[in-house]
Structures are given as C-alpha cells and as structure tokens.
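What follows is each chain in one-letter form.
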Amino acid sequence: MDDTNPYLREPAAPRYNRRAHPHDYTRPARYMITLKVAPHIPALSVVTGNPAEAEGNDAPRAVRSVAGEVFEKIFARAVAGQS
C-alpha cells in the first residue's frame, strides 16, 4: 500500500463493501477487469470508443494489440485441445 497517499489505505478489517449492493452479481453481465502489468510487458489490448454509446460503431470495445493477437491464437489452440 502507498503510505504517501493519505486517501489510499487498507481497511482495518475486510468488510467486502466494495460492491454495488443493488446489483445482482449472479446474473450474466459484462464486467471490465483492469490488470496492471510491469512497464516492460506489452499491453494485450486497448479500450477504445465512446463510453456514452451503448451500441453501434463507436461503442466501447477492446482492440487487441499484436501481442494480444498472438495470445488469442495460443489460448484458442489450448482451449480447442481440451475439447
């Protein structure tokens, strides 16, 4: 944890209150997961589009980088081998 930032601190006890209480997490939905990696590791994708658009050509979407395309092919091959 960053001790220099007074707004970032660990909770005294885990309360699991970082969820939206009215949201039903058991039903299917789309979630964005952000992973932070070391600076020397290339990004697998970039999020682009207009966040205000829910559908259409300018809706938010992930665009794979070259490294992401390679990862996708390897992952698809691995998943196909398990079938």
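In this report, we go over the structure that sits alongside the text.

Basis of the calculations
Residues numbered from 1 in each chain as written. Predicted model: local features only at pLDDT ≥ 70, side-chain atom pairs only at ≥ 80, totals over all residues. Heavy atoms only, no water. Patch = residues over 30% accessible without salt bridge, like charges linked within 9 Å, V, L, I, M, F, W, Y side chains within 5 Å. Areas by Shrake-Rupley, 256 points an atom, 1.4 Å probe, with all protein chains shown as cover. Salt bridge = Lys/Arg side-chain N within 4 Å of Asp/Glu carboxyl O. Helix = DSSP H or I, 4+ residues; strand = E, 2+ residues; numbered from the N terminus. Buried < 20%, exposed > 50% of the residue type's maximum accessible area, 1.4 Å probe, protein only. Contact = heavy atoms within 4.5 Å.

### Examining a nonpolar patch on the surface
At step 1: Together, L44, F71, F75 and V79 give the surface a local cluster of nonpolar side chains, amounting to about 380 Å² of exposed area.
At step 2: Take V79: it is sitting in helix α1 (residues 66–82).
At step 3: A relative accessible area of 38% places V79 in the partly exposed class.

### Looking at the environment of S65
At step 1: Mapped onto the elements of the fold, S65 is located in the loop between β2 (61–64) and α1.
At step 2: The exposure class assigned to S65 is partly exposed, which follows from its relative accessible area of 22%.
At step 3: Taking the C-alpha atoms as reference points, S65 and P42, 23 residues apart in sequence, are found 8.5 Å from one another.
At step 4: The residues contacting S65, other than those within four sequence positions of it, are A43, L44 and S45.

### Considering the pattern of salt bridges
At step 1: A full pass over the atoms with the stated rule returns two salt bridges.
At step 2: For the salt bridge of R64 with E72, the shortest nitrogen-to-oxygen distance reads 3.6 Å.
At step 3: For R64, a relative accessible area of 41% gives the class partly exposed.
At step 4: A residue is classified by how much of its surface remains accessible, and E72, at 32% relative accessible area, is partly exposed.
At step 5: Three or more residues joined by partner-sharing salt bridges are found here, namely R64, E69 and E72.

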